[in-house]
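Chain residues, written in single-letter form:
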Amino acid sequence: MGLVGALVHASFDVVLIAVCLAGIRRATGLTLQTSYLSSKSHQRILGTVVGVGERLFDVAVAFMCAYPSVFRREQVPRPRSE
């Protein structure tokens, strides 16, 4: 695999992780803190990557909602708070 193939593979991995982080944020409310990064440009890049993951997560959910005969929504019981 050449350099281009390695870059495509690494980009796909980063996007996949970003979509997973978006799903975790939607399901639990946990978010990724960027304040631990010292560089403002690194914070901006990480914010952009997470934003791309959010948009792709939205696209995936919209796609799944468009085909109710294939995908169905389950009613998940919420844990009781005591």
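Structure report, in brief. Remember, it's a predicted structure, so these values are computed and weren't measured experimentally. (Residues numbered from 1 in each chain as written. Predicted model: local features only at pLDDT ≥ 70, side-chain atom pairs only at ≥ 80, totals over all residues. Heavy atoms only, no water.)

1. Some details on the overall build of the protein chain
Here is the rule: Only runs of H or I of at least four residues qualify as helices and only runs of E of at least two qualify as strands under DSSP, and these elements are numbered from the N terminus. For each residue, the accessible area found with a 1.4 Å probe, counting protein chains only, is set against the maximum for its type, and the residue is called buried under 20%, exposed over 50%, and partly exposed in between. Only the protein chains shown count as cover for residues, with accessible areas throughout obtained via the Shrake-Rupley method and a probe of 1.4 Å.
Across its full length, the protein chain carries two helices and zero strands. A burial count over the protein chain gives 9% of its 82 residues as buried. For the protein chain, the exposed area adds up to about 7,200 Å²; of that, 65% sits on carbon and sulfur atoms.

2. Section: the packing of helix H1 (residues 3-28) against helix H2 (residues 40-66)
In plain terms, the rule: As a rule, the C-alpha atoms of each element are fitted with a line to give its axis, helices using only the stretch in contact, and angles between N-to-C directions run from 0 to 180 degrees. Throughout this description, any angle smaller than 35 degrees is read as roughly parallel, any larger than 145 degrees as roughly antiparallel, any in the 65 to 115 degree range as roughly perpendicular, and the remainder as oblique. By the convention used here, residues are in contact when the closest approach between their heavy atoms is within 4.5 Å. Charged residues are taken to be Asp, Glu, Lys and Arg, nonpolar residues to be Ala, Val, Leu, Ile, Met, Phe, Trp, Tyr, Cys and Pro, and polar residues to be all remaining types, Gly included.
Interhelical geometry of H1 versus H2 gives an angle of 70° and a closest axis separation of 7 Å. On the basis of their axis angle, the class for H1 and H2 is roughly perpendicular. Along its contact with H1, which presents Val-14, Val-15, Ala-18, Val-19, Ala-22, Gly-23, Arg-25 and Arg-26, the element H2 presents Val-49, Gly-53, Glu-54, Leu-56, Phe-57 and Asp-58. Classifying every residue of the contact of H1 with H2 by side-chain character gives eight nonpolar, two polar and four charged.

3. Notes on the side chain of Glu-54
Mapping Glu-54 onto the fold places it in helix H2. Under the relative-accessibility criterion, Glu-54 is labelled buried at 14%. Aside from chain neighbours lying at most four places away, what touches Glu-54 is Ala-22, Arg-25 and Arg-26.

4. Some thoughts on the side chain of Gln-43
You can see Gln-43 is positioned in helix H2. Among the residues examined, Gln-43 registers a relative accessible area of 17% and is labelled buried. Residue contacts for Gln-43: discarding those within four places in its chain leaves Thr-34, Ser-35 and Leu-37.

5. Topic: a nonpolar patch on the surface
Our working definition: Residues form patches when they are more than 30% accessible in relative terms and have no salt bridge. Like charges link within 9 Å. Nonpolar side chains (Val, Leu, Ile, Met, Phe, Trp, Tyr) link within 5 Å. Basic side-chain nitrogens of Lys or Arg form a salt bridge, by our definition, when they fall within 4 Å of a carboxyl oxygen of Asp or Glu.
Judged by side-chain polarity, Ile-17, Leu-21, Ile-24, Leu-30, Leu-32 and Tyr-36 come together as a nonpolar surface patch covering roughly 600 Å² of accessible area. Among the secondary structure elements, Tyr-36 is positioned in the loop between H1 and H2. Here Tyr-36 falls in the exposed class, since its relative accessible area comes to 56%.

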